[in-house]
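So you can see what is in the structure, the chains are spelled out below.
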Amino acid sequence: MSTIFRLDASIRDTGSVTRAIADRLQASVVAGLGNASITRREIGLSPLPSTAWAGAVFGSHMPAEQRTSQQSEGIALAHELADELEAADAYIFAVPFYNFGVSQHFKAYVDILLAEPRFAPGKTPVVAGRPAQLITARGGGYGPGSPRYGWDHGTAWYRRVLEDIWQLELEVIECELTLAEVTPAMEGLRGLAAENLSNANASAQRNGRSLARRLAAAPVLDLAAQAR
Ligand SMILES: Cc1cc2nc3c(=O)[nH]c(=O)nc-3n(C[C@H](O)[C@H](O)[C@H](O)COP(=O)(O)O)c2cc1C
(Lines give C-alpha, C1' and ligand atoms only; values in the text may rest on other atoms or scores of the structure.)
Protein backbone atom coordinates (compact mmCIF):
# COMPACT_ATOMS: atom_id res chain seq x y z
CA MET A 1 0.00 0.00 0.00
CA SER A 2 1.29 3.47 -0.89
CA THR A 3 1.85 6.08 1.78
CA ILE A 4 0.98 9.68 0.98
CA PHE A 5 2.43 12.40 3.19
CA ARG A 6 0.33 15.54 3.43
CA LEU A 7 1.36 18.79 5.06
CA ASP A 8 -0.97 21.74 5.72
CA ALA A 9 0.36 25.22 6.54
CA SER A 10 -2.72 27.43 6.30
CA ILE A 11 -3.32 29.37 9.52
CA ARG A 12 -7.06 28.89 9.03
CA ASP A 13 -9.19 25.81 8.92
CA THR A 14 -12.58 27.07 7.73
CA GLY A 15 -12.42 28.61 4.27
CA SER A 16 -8.87 27.52 3.48
CA VAL A 17 -8.38 27.23 -0.25
CA THR A 18 -5.14 25.22 -0.03
CA ARG A 19 -6.78 22.69 2.30
CA ALA A 20 -9.81 22.35 0.03
CA ILE A 21 -7.68 21.79 -3.08
CA ALA A 22 -5.44 19.35 -1.18
CA ASP A 23 -8.57 17.48 -0.01
CA ARG A 24 -9.62 17.11 -3.63
CA LEU A 25 -6.19 15.95 -4.74
CA GLN A 26 -5.95 13.50 -1.84
CA ALA A 27 -9.42 12.10 -2.58
CA SER A 28 -8.51 11.71 -6.24
CA VAL A 29 -5.28 9.81 -5.57
CA VAL A 30 -6.90 7.59 -2.93
CA ALA A 31 -9.78 6.80 -5.30
CA GLY A 32 -7.29 5.95 -8.06
CA LEU A 33 -5.25 3.67 -5.82
CA GLY A 34 -8.23 2.05 -4.12
CA ASN A 35 -6.36 2.16 -0.84
CA ALA A 36 -3.61 4.35 0.60
CA SER A 37 -2.17 5.30 3.94
CA ILE A 38 -2.19 9.05 4.63
CA THR A 39 0.29 10.65 7.02
CA ARG A 40 -0.74 14.17 8.05
CA ARG A 41 1.50 16.93 9.39
CA GLU A 42 -0.32 20.07 10.51
CA ILE A 43 1.95 23.08 10.91
CA GLY A 44 -0.44 26.02 10.37
CA LEU A 45 -2.85 25.36 13.23
CA SER A 46 -0.28 23.53 15.40
CA PRO A 47 3.03 25.30 14.70
CA LEU A 48 6.34 23.64 15.40
CA PRO A 49 8.20 25.07 18.42
CA SER A 50 10.26 28.10 17.44
CA THR A 51 13.22 26.92 19.55
CA ALA A 52 13.54 23.63 17.65
CA TRP A 53 15.58 24.95 14.75
CA ALA A 54 18.45 26.39 16.84
CA GLY A 55 18.34 23.26 18.99
CA ALA A 56 18.67 21.00 15.95
CA VAL A 57 21.41 23.14 14.35
CA PHE A 58 23.68 23.55 17.37
CA GLY A 59 22.85 20.22 19.06
CA SER A 60 24.03 18.31 16.01
CA HIS A 61 27.61 19.52 16.72
CA MET A 62 27.54 18.39 20.35
CA PRO A 63 28.05 14.95 21.88
CA ALA A 64 24.62 13.64 22.91
CA GLU A 65 25.43 13.71 26.62
CA GLN A 66 26.41 17.39 26.48
CA ARG A 67 23.26 18.64 24.72
CA THR A 68 20.83 20.98 26.42
CA SER A 69 17.22 19.85 26.61
CA GLN A 70 16.38 22.35 23.83
CA GLN A 71 19.05 20.79 21.62
CA SER A 72 17.90 17.23 22.35
CA GLU A 73 14.29 18.20 21.62
CA GLY A 74 15.28 19.98 18.39
CA ILE A 75 17.21 16.96 17.17
CA ALA A 76 14.41 14.58 18.13
CA LEU A 77 11.91 16.69 16.19
CA ALA A 78 14.19 16.88 13.14
CA HIS A 79 14.45 13.06 13.18
CA GLU A 80 10.70 12.70 13.51
CA LEU A 81 10.02 15.03 10.56
CA ALA A 82 12.67 13.31 8.45
CA ASP A 83 11.32 9.83 9.30
CA GLU A 84 7.84 10.93 8.20
CA LEU A 85 9.10 12.08 4.84
CA GLU A 86 11.39 9.12 4.29
CA ALA A 87 8.53 6.69 4.96
CA ALA A 88 6.25 8.19 2.28
CA ASP A 89 5.97 7.36 -1.41
CA ALA A 90 4.51 10.71 -2.47
CA TYR A 91 3.86 14.15 -1.02
CA ILE A 92 1.18 16.83 -0.91
CA PHE A 93 2.32 20.21 0.45
CA ALA A 94 -0.53 22.71 0.94
CA VAL A 95 1.23 25.98 1.68
CA PRO A 96 -0.25 29.50 1.32
CA PHE A 97 1.36 32.81 0.42
CA TYR A 98 1.57 35.31 3.29
CA ASN A 99 2.78 38.92 3.50
CA PHE A 100 4.33 38.78 0.02
CA GLY A 101 6.43 35.79 0.99
CA VAL A 102 6.58 32.33 2.47
CA SER A 103 4.58 30.86 5.32
CA GLN A 104 6.68 31.28 8.46
CA HIS A 105 5.50 27.87 9.61
CA PHE A 106 6.69 26.16 6.47
CA LYS A 107 9.98 28.06 6.67
CA ALA A 108 10.43 26.77 10.23
CA TYR A 109 9.60 23.24 9.06
CA VAL A 110 12.17 23.41 6.25
CA ASP A 111 14.81 24.99 8.51
CA ILE A 112 14.52 22.12 10.99
CA LEU A 113 14.72 19.50 8.24
CA LEU A 114 17.75 21.15 6.63
CA ALA A 115 19.54 20.56 9.93
CA GLU A 116 18.90 16.81 9.59
CA PRO A 117 21.57 14.88 7.63
CA ARG A 118 19.00 13.14 5.39
CA PHE A 119 17.71 16.53 4.14
CA ALA A 120 20.78 18.73 4.39
CA PRO A 121 21.79 20.56 1.21
CA GLY A 122 24.75 19.28 -0.75
CA LYS A 123 23.99 15.57 -1.08
CA THR A 124 21.28 13.39 -2.57
CA PRO A 125 18.31 13.65 -0.22
CA VAL A 126 16.55 10.49 0.83
CA VAL A 127 13.35 11.50 -1.02
CA ALA A 128 15.04 12.44 -4.32
CA GLY A 129 13.01 11.58 -7.41
CA ARG A 130 9.75 10.89 -5.56
CA PRO A 131 6.56 12.61 -6.78
CA ALA A 132 5.29 15.67 -4.94
CA GLN A 133 2.48 18.18 -5.32
CA LEU A 134 2.72 21.76 -4.07
CA ILE A 135 -0.59 23.57 -3.68
CA THR A 136 -0.29 27.29 -3.03
CA ALA A 137 -2.85 30.09 -2.86
CA ARG A 138 -2.53 33.86 -3.02
CA GLY A 139 -5.16 36.41 -2.09
CA GLY A 140 -4.12 38.84 -4.84
CA GLY A 141 -2.78 38.53 -8.37
CA TYR A 142 0.90 38.63 -9.25
CA GLY A 143 1.07 37.70 -12.91
CA PRO A 144 2.69 39.76 -15.71
CA GLY A 145 0.86 43.05 -16.19
CA SER A 146 -0.62 43.14 -12.68
CA PRO A 147 0.34 46.09 -10.42
CA ARG A 148 2.23 43.75 -8.10
CA TYR A 149 3.97 41.68 -10.71
CA GLY A 150 7.25 40.53 -9.13
CA TRP A 151 5.94 40.78 -5.56
CA ASP A 152 5.46 37.02 -5.15
CA HIS A 153 8.52 36.26 -3.05
CA GLY A 154 7.12 32.94 -1.86
CA THR A 155 6.50 30.48 -4.68
CA ALA A 156 10.04 30.48 -6.08
CA TRP A 157 11.44 29.59 -2.67
CA TYR A 158 8.93 26.79 -2.19
CA ARG A 159 10.03 25.42 -5.55
CA ARG A 160 13.72 25.89 -4.76
CA VAL A 161 13.48 23.77 -1.63
CA LEU A 162 11.18 21.03 -2.90
CA GLU A 163 12.48 20.77 -6.45
CA ASP A 164 16.15 21.69 -6.23
CA ILE A 165 17.29 20.96 -2.68
CA TRP A 166 15.15 17.90 -1.92
CA GLN A 167 14.99 16.93 -5.59
CA LEU A 168 11.34 15.96 -5.54
CA GLU A 169 9.61 15.51 -8.86
CA LEU A 170 7.33 18.45 -8.31
CA GLU A 171 4.04 19.60 -9.81
CA VAL A 172 2.66 22.95 -8.65
CA ILE A 173 -0.98 24.00 -8.42
CA GLU A 174 -1.38 27.74 -7.92
CA CYS A 175 -4.61 29.56 -7.13
CA GLU A 176 -4.64 33.37 -7.22
CA LEU A 177 -7.19 36.05 -6.29
CA THR A 178 -8.64 34.00 -3.44
CA LEU A 179 -9.55 37.23 -1.59
CA ALA A 180 -11.63 38.61 -4.47
CA GLU A 181 -14.89 37.25 -3.08
CA VAL A 182 -14.52 39.07 0.26
CA THR A 183 -12.71 42.23 -0.89
CA PRO A 184 -14.96 44.97 -2.32
CA ALA A 185 -12.06 46.55 -4.26
CA MET A 186 -11.57 43.24 -6.08
CA GLU A 187 -15.19 42.87 -7.15
CA GLY A 188 -14.27 43.13 -10.82
CA LEU A 189 -11.89 40.19 -10.46
CA ARG A 190 -14.44 37.73 -9.07
CA GLY A 191 -15.08 36.06 -12.40
CA LEU A 192 -11.38 35.50 -12.93
CA ALA A 193 -11.02 34.28 -9.34
CA ALA A 194 -13.77 31.71 -9.87
CA GLU A 195 -12.07 30.55 -13.05
CA ASN A 196 -8.72 30.23 -11.22
CA LEU A 197 -10.33 28.14 -8.48
CA SER A 198 -12.07 25.92 -10.97
CA ASN A 199 -8.79 25.38 -12.87
CA ALA A 200 -6.93 24.59 -9.65
CA ASN A 201 -9.59 22.06 -8.64
CA ALA A 202 -9.45 20.45 -12.09
CA SER A 203 -5.64 20.23 -11.81
CA ALA A 204 -5.97 18.63 -8.38
CA GLN A 205 -8.36 16.02 -9.75
CA ARG A 206 -6.14 15.32 -12.75
CA ASN A 207 -2.85 15.28 -10.80
CA GLY A 208 -4.39 12.94 -8.23
CA ARG A 209 -5.36 10.48 -10.94
CA SER A 210 -1.94 10.56 -12.61
CA LEU A 211 -0.18 10.25 -9.25
CA ALA A 212 -2.26 7.18 -8.46
CA ARG A 213 -1.33 5.62 -11.80
CA ARG A 214 2.33 6.32 -11.17
CA LEU A 215 2.29 4.90 -7.65
CA ALA A 216 0.43 1.80 -8.79
CA ALA A 217 3.02 1.19 -11.52
CA ALA A 218 6.36 2.07 -9.93
CA PRO A 219 8.22 1.14 -6.76
CA VAL A 220 9.43 3.85 -4.38
CA LEU A 221 12.60 5.48 -5.59
CA ASP A 222 15.64 5.46 -3.35
CA LEU A 223 18.13 7.56 -5.29
CA ALA A 224 19.99 8.37 -2.08
CA ALA A 225 20.77 4.67 -1.53
CA GLN A 226 21.81 4.31 -5.17
CA ALA A 227 24.18 7.25 -4.77
CA ARG A 228 25.85 5.70 -1.71
C1 LIG B 1 -1.99 37.23 7.62
C2 LIG B 1 -2.24 37.07 6.15
C3 LIG B 1 -1.38 37.69 5.25
C4 LIG B 1 -1.62 37.58 3.88
N5 LIG B 1 -0.80 38.20 3.02
C6 LIG B 1 -1.06 38.17 1.70
C7 LIG B 1 -0.24 38.87 0.79
O8 LIG B 1 0.75 39.50 1.12
N9 LIG B 1 -0.57 38.81 -0.51
C10 LIG B 1 -1.64 38.11 -0.96
O11 LIG B 1 -1.86 38.07 -2.16
N12 LIG B 1 -2.43 37.43 -0.11
C13 LIG B 1 -2.16 37.45 1.20
N14 LIG B 1 -2.96 36.78 2.06
C15 LIG B 1 -4.09 36.02 1.54
C16 LIG B 1 -3.78 34.55 1.40
O17 LIG B 1 -2.70 34.32 0.52
C18 LIG B 1 -5.02 33.84 0.88
O19 LIG B 1 -6.09 34.05 1.78
C20 LIG B 1 -4.81 32.36 0.67
O21 LIG B 1 -6.00 31.84 0.13
C22 LIG B 1 -4.45 31.69 1.97
O23 LIG B 1 -4.47 30.28 1.88
P24 LIG B 1 -5.69 29.48 2.54
O25 LIG B 1 -6.93 29.89 1.78
O26 LIG B 1 -5.38 28.06 2.35
O27 LIG B 1 -5.79 29.87 3.99
C28 LIG B 1 -2.71 36.84 3.43
C29 LIG B 1 -3.55 36.19 4.35
C30 LIG B 1 -3.31 36.29 5.69
C31 LIG B 1 -4.22 35.58 6.65
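For the structure itself, look to the data block above.
A quick note: this is a predicted structure, and the numbers were derived from the prediction, not measured.

A.B. asks: Looking at this structure, I do not really get the packing of helix 4 (residues 104-114) against helix 5 (residues 155-165). What am I missing?
C.D. replies: A pair of packed helices is captured by two measures, namely the crossing angle of their axes and the spacing between those axes. The N-to-C vectors of helix 4 and helix 5 enclose an angle of 30 degrees; their axes lie 11 Å apart at closest approach. Considered as vectors, helix 4 and helix 5 are oriented roughly parallel to each other. Crossing hand, helix 4 versus helix 5: left-handed. Contact with helix 4, carried on its side by Phe106, Lys107, Val110 and Leu114, involves Trp157, Tyr158, Val161, Leu162 and Ile165 of helix 5 and no other residues of that element. The residue makeup of the contact of helix 4 with helix 5, split by class, is eight nonpolar, no polar and one charged.

A.B. asks: Would you take a moment to explain the site of the ligand for this structure?
C.D. replies: Around the ligand, a shell composed of 18 residues is seen, among which Ser10, Ser16, Thr18, Phe97 and Tyr142 lie nearest. One nitrogen or oxygen atom from the main chain of alanine 137 is found 3.4 Å from an oxygen atom belonging to the ligand. One of the side-chain nitrogen or oxygen atoms of tyrosine 142 is found 2.7 Å away from an oxygen atom of the ligand. If the ligand stood free it would expose 620 Å²; the protein chains cover 80% of that surface.

A.B. asks: Can you help me understand the environment of proline 144 in this one?
C.D. replies: Tracing the chain through its elements places proline 144 in the loop between strand 4 (131-137) and helix 5. Separated by 33 residues in the primary sequence, proline 144 and leucine 177 have C-alpha atoms spaced 14 Å apart.

A.B. asks: Is there a simple way to think about the sheet that holds strand 3 (residues 90-94) in this case?
C.D. replies: Across a sheet, strands are paired by hydrogen bonds formed along the backbone, either parallel or antiparallel in direction. Read across the open sheet, the five strands follow the order 2-1-3-4-5; overall the sheet is parallel. Because the sheet does not close on itself, it has two edges, and the strands there are strand 2 (36-42) and strand 5 (169-175). Sheet twist, expressed as the average angle between the axes of neighbouring strands with direction ignored, equals 15 degrees. Relative to strand 4, strand 3 runs parallel, the two sharing four bridges. Bridging from a neighbouring strand, alanine 94 pairs with isoleucine 135 of strand 4. Most of the contacts of helix 4 go to strand 1 (residues 2-8), to which it runs at about 130 degrees, and overall it touches strand 1, strand 2 and strand 3. Contacts from helix 6 (residues 190-217) reach strand 1, strand 3, strand 4 and strand 5, with the element oriented near 160 degrees to strand 5.

A.B. asks: Would you take a moment to explain the pattern of salt bridges for this structure?
C.D. replies: If charged atoms from side chains of opposite charge come close, those side chains can pair. Under the defined criterion, the tally for this structure stands at 16 salt bridges. A salt bridge links glutamate 86 to arginine 118; its shortest N-O distance comes to 2.7 Å. You can see glutamate 86 sitting in helix 3 (residues 69-86) and its partner arginine 118 sitting in the loop between helix 4 and strand 4, a full 32 residues away along the chain. Residue arginine 118 is classed as partly exposed on the basis of its relative accessible area, which comes to 22%. A salt bridge links glutamate 174 to arginine 138, with the shortest nitrogen-to-oxygen separation between them at 2.7 Å. One end of the pair, glutamate 174, is in strand 5; the other, arginine 138, is in the loop between strand 4 and helix 5, and 36 residues separate them in sequence.

Definitions and limits used
Residues numbered from 1 in each chain as written. Predicted model: local features only at pLDDT ≥ 70, side-chain atom pairs only at ≥ 80, totals over all residues. Heavy atoms only, no water. Axes fitted to C-alpha atoms, helices over the stretch in contact; angles between N-to-C directions. Helix = DSSP H or I, 4+ residues; strand = E, 2+ residues; numbered from the N terminus. Parallel < 35°, antiparallel > 145°, perpendicular 65-115°, else oblique. Left-handed = near helix turned anticlockwise from the far one by under 90°. Contact = heavy atoms within 4.5 Å. Nonpolar A, V, L, I, M, F, W, Y, C, P; charged D, E, K, R; others polar. Near = heavy atom within 4 Å. Polar contact = N/O pair within 3.5 Å; in protein donor to acceptor, adjacent residues only side chain to side chain. Areas by Shrake-Rupley, 256 points an atom, 1.4 Å probe, with all protein chains shown as cover. Pairing = 2+ DSSP bridges. Salt bridge = Lys/Arg side-chain N within 4 Å of Asp/Glu carboxyl O. Buried < 20%, exposed > 50% of the residue type's maximum accessible area, 1.4 Å probe, protein only.

Geometry only, nothing functional implied.
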